[in-house]
2 protein chains.
Amino acid sequence: MKIEVMKNILSENDKIAEENRKLFNDKKIFVINLMGSPGSGKTSLLELTLAKLKDEIKIAVIEGDLFTAKDAERIENHNVPVVQINTAGGCHLDAAMVKRAIESLDLDSLDLIIVENVGNLVCPAEFDVGENCKVVVLSITEGDDKPLKYPLIFKESAVTILNKIDLLKFTNFNLNSAREDLTTIHPNIKIIETSCTNSNGIDEWCKWIKNSL
Amino acid sequence: MKIEVMKNILSENDKIAEENRKLFNDKKIFVINLMGSPGSGKTSLLELTLAKLKDEIKIAVIEGDLFTAKDAERIENHNVPVVQINTAGGCHLDAAMVKRAIESLDLDSLDLIIVENVGNLVCPAEFDVGENCKVVVLSITEGDDKPLKYPLIFKESAVTILNKIDLLKFTNFNLNSAREDLTTIHPNIKIIETSCTNSNGIDEWCKWIKNSL
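Quick look at the structure, then. (Residues numbered from 1 in each chain as written. Chains lettered and ligands numbered in written order. Predicted model: local features only at pLDDT ≥ 70, side-chain atom pairs only at ≥ 80, totals over all residues. Heavy atoms only, no water.)

## Observations regarding helix α4 (residues 95-102) of chain A
All names here are of chain A. Those residues of α4 that sit buried are Ala95, Met97, Val98, Ala101 and Ile102. Around the axis of α4, the buried residues are gathered within 160 degrees of arc, so they sit on the same side. Here α4 starts with a cap whose side-chain oxygen sits 3.2 Å from the backbone nitrogen of Ala96, and that cap is Asp94. (Buried < 20%, exposed > 50% of the residue type's maximum accessible area, 1.4 Å probe, protein only. Helix = DSSP H or I, 4+ residues; strand = E, 2+ residues; numbered from the N terminus. Arc of directions from axis to C-beta. Polar contact = N/O pair within 3.5 Å; in protein donor to acceptor, adjacent residues only side chain to side chain.)

Laid out in structure tokens, this is it:
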């Protein structure tokens, strides 16, 4: 019974996700679904990305949070269109939420939409929102055991951002074993090491975005 | 429709949680549901707790993970009974899982069970597993905005452990505003600052456990 309900919800979600994807494709907009644990650095990465790319590429942001518009306010300072979705306790964004959010964006004027999902290393990976690709941010301070413990999100993501790399020396995070585990789970995964404190790796990440458009 | 299904699952869960709670009460076992984001330091805190308390208090651990027995293996090194629950992708533990897990524990020989939930700051807070109290671990590196962004888990928890306090100086985490937000959400919450690297605060945490038994 439970399994059946889950299937129904997922297949309804997949239907709306396909509609979103078709619309994005028609409008030639590349869409990134940005995921990661609470505090992995998704919003900080977004802020640096906007600072670097917004003059070359027309970008909008969809911010997913349970409550508050704290992240959307941070993004708004960068003068790009931003829509806040509050899930009121819901643990992930779904395709219907993104569909409603894009109604208030001028899609004809955009090249890229970055959807910042709810901070959660589990549920967001299960829900297609119509994106072109998923990207997961894992911070060094979370520990190198996370890829094997939460494999789905790393399997689903085209890119893993290893963030807070500036804190590596204060932790017991083993970069080699994390890289090994990531490529075992997802052989073609792109791994980019970044620090949003000193901006290391941000160029490489922005280059990856530009090459993907 | 969706809401109704959710209600059914939750009320079924609450029923089993009450059965678990009654059993724990009959056996005079105190049960802590330990929650927090991936990599907040739940397992490290557990290891230090066991090292300090296992000779005075009879403790067992239930480990919740999506996949792998990595955490259970770390706990097993401390020679306490440990049961691993693998949720196979599920984002939280529920009461039925804990009910099955305790079947393999000798409840007559225990004073304390610590249930380490799946790493997730959202879903575990919604599911009573029959515990006496919930405790949430928030690491400094996750950022001071997390209590307002994920209020339910802090509202539900008797204690917030502010972990990785040794990394405070390398971050922009504002302790005062985090403490203010936590007490706004939950006026009676107990806040304990810890470092699992240098063991600061572990005495205070273990004292809190002993006073709660």
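## Quick look at the state of the cysteines
Residues and elements named next belong to chain B. A full pass over the atoms with the stated rule returns zero disulfides over all chains. Take Cys196: it sits in no disulfide, and the sulfur closest to it among the cysteines is that of Cys206, at 10 Å. With relative accessibility at 1%, the residue Cys206 sits in the buried group. (Disulfide = S-S within 2.5 Å.)

## Notes on the sheet that holds strand β2 (residues 59-65) of chain A
Residues and elements named next belong to chain A. Here we have seven strands laid out as an open sheet, ordered β3-β2-β4-β1-β5-β6-β7, and parallel in their pairing. At either end of the open sheet lies a strand with only one pairing partner, and these are β3 (82-86) and β7 (190-193). Neighbour-to-neighbour, the strand axes of the sheet open up by a mean angle of 20 degrees, direction not taken into account. Bridge analysis of strand β6 (residues 157-163) against β7 gives four bridges, and the strand direction is parallel. Note that in β7 the partner of Val159 across the bridge is Lys190. Its contacts with the sheet put helix α7 (residues 175-185) on β6 and β7, and the angle it makes with β7 is roughly 155 degrees. Each of β1 (30-36), β4 (112-116), β5 (133-139), β6 and β7 touches helix α8 (residues 202-212); the most contacted strand, β7, lies at about 145 degrees to it. (Pairing = 2+ DSSP bridges. Axes fitted to C-alpha atoms, helices over the stretch in contact; angles between N-to-C directions. Contact = heavy atoms within 4.5 Å.)

## Some remarks on the relation of the copies chain A and chain B
Here the two chain copies are tied together by a rotation about an axis and a shift along that axis. For the pair chain A and chain B, the superposition axis carries a translation of 0.0 Å, the fit reaches an RMSD of 0.0 Å, and the rotation angle comes to 180 degrees. Here the transformation between the copies is reduced to the relation of a two-fold axis. When the interface residues of chain A are mapped onto chain B, 97% of them again lie at the interface, so the same face is used by both copies. (Least-squares fit on C-alpha atoms with pLDDT ≥ 70 in both.)

## Points about the side chain of Lys42 of chain B
Residue and element names in this part refer to chain B. Tracing the sequence through the fold places Lys42 in helix α2 (residues 42-53). For the buried Lys42, no salt bridge is present, and the opposite-charge side chain at shortest range is Glu116, 4.5 Å distant. Setting aside residues no more than four positions away along its own chain, Lys42 makes contact with Leu34, Met35, Gly36, Ser37, Glu116, Asn117, Gly119 and Val137. (Lys, Arg positive; Asp, Glu negative; His and termini not counted. Salt bridge = Lys/Arg side-chain N within 4 Å of Asp/Glu carboxyl O.)

## As for the interface of chain A and chain B
Tallying the contact residues gives 33 residues for chain A and 33 residues for chain B. Summing the contributions of chain A and of chain B, the shared interface buries around 2,700 Å²; its carbon and sulfur component is 65%. On the chain A side of the contact with chain B, Pro38, Lys149 and Phe170 of chain A bury the most area, a combined 21% of that side's loss. The tally of links from chain A across to chain B stands at four salt bridges. Here Asp71 of chain B and Lys149 of chain A are joined by a salt bridge, their closest N and O atoms 2.6 Å apart. The tally of links between chain A and chain B comes to nine residue pairs in polar contact (both at pLDDT 80 or more). (Buried area = accessible area lost by both parts, 1.4 Å probe.)

Note that all results are geometric; they support no functional claim without further evidence.
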